[in-house]
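# Results of the structural survey
Residues per chain, in single letters:
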Amino acid sequence: MEEIIHITVEDPQGGIRQLEIPEGISLSLMEVLRASEYDILATCGGMALCATCHIEVLEGSENLDPLSDAELDMLDTLPDAGDQSRLACQIRLNPALDGLKIRVFGNN
Ligand code: FES
């Protein structure tokens, strides 16, 4: 049976939606969010260079891979980044992400 990855997303207005993503698609979390019509510019195309895919992890951060140096460097440039900040383009979908809860930021 195909496994489903459930990711809960809170938008900048406080709206909450649960995404159900079939396991086995080779996408980043940024690509899934864009496909789900969240307002993420991703101007660098997922190279950890633009930070427009900045998210905050609310639950499940222990299941994510550690930050790369490139991701850390980019987050360091953001005034609103915190301990739970990540770049969604640097997070590859995998079954361990099931139950993840995140907050997205609008591009203002
Ligand atoms: S898409 Fe540019 S940093 Fe993630």
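Read on for a plain summary of the structure. The structure presented is a predicted model; accordingly, all values stated were derived computationally and were not measured.

In this section: the pairing of strand β3 (residues 54-59). As judged from the 3 bridges shared by β3 and strand β4 (residues 85-87), these two strands associate in the antiparallel manner. If you follow Ile 55 over to β4, its bridge partner there is Arg 86. Relative to strand β5 (residues 100-104), β3 runs antiparallel, the two being bridged by 4 bridges. Its bridge partner being in β5, Glu 56 is matched across the sheet by Arg 103.

Turning next to the pattern of salt bridges. On inspection of all chains with the given rule, the structure shows 3 salt bridges. Across the pair Arg 103 and Glu 10 runs a salt bridge whose closest N-O atoms are separated by 3.4 Å. Separated by 93 residues along the polypeptide, Arg 103 in strand β5 and Glu 10 in strand β1 (residues 4-10) bring together distant segments of the chain. Residue classification places Arg 103 among the partly exposed positions, given a relative accessible area of 27%. With a shortest N-O distance of 2.8 Å, Arg 103 and Glu 56 are connected by a salt bridge. You can see Arg 103 sitting in strand β5 and its partner Glu 56 sitting in strand β3, a full 47 residues away along the chain.

Conventions used here
- Residues numbered from 1 in each chain as written.
- Predicted model: local features only at pLDDT ≥ 70, side-chain atom pairs only at ≥ 80, totals over all residues.
- Heavy atoms only, no water.
- Pairing = 2+ DSSP bridges.
- Helix = DSSP H or I, 4+ residues; strand = E, 2+ residues; numbered from the N terminus.
- Salt bridge = Lys/Arg side-chain N within 4 Å of Asp/Glu carboxyl O.
- Buried < 20%, exposed > 50% of the residue type's maximum accessible area, 1.4 Å probe, protein only.

Taken by themselves, the reported measurements are silent on function.
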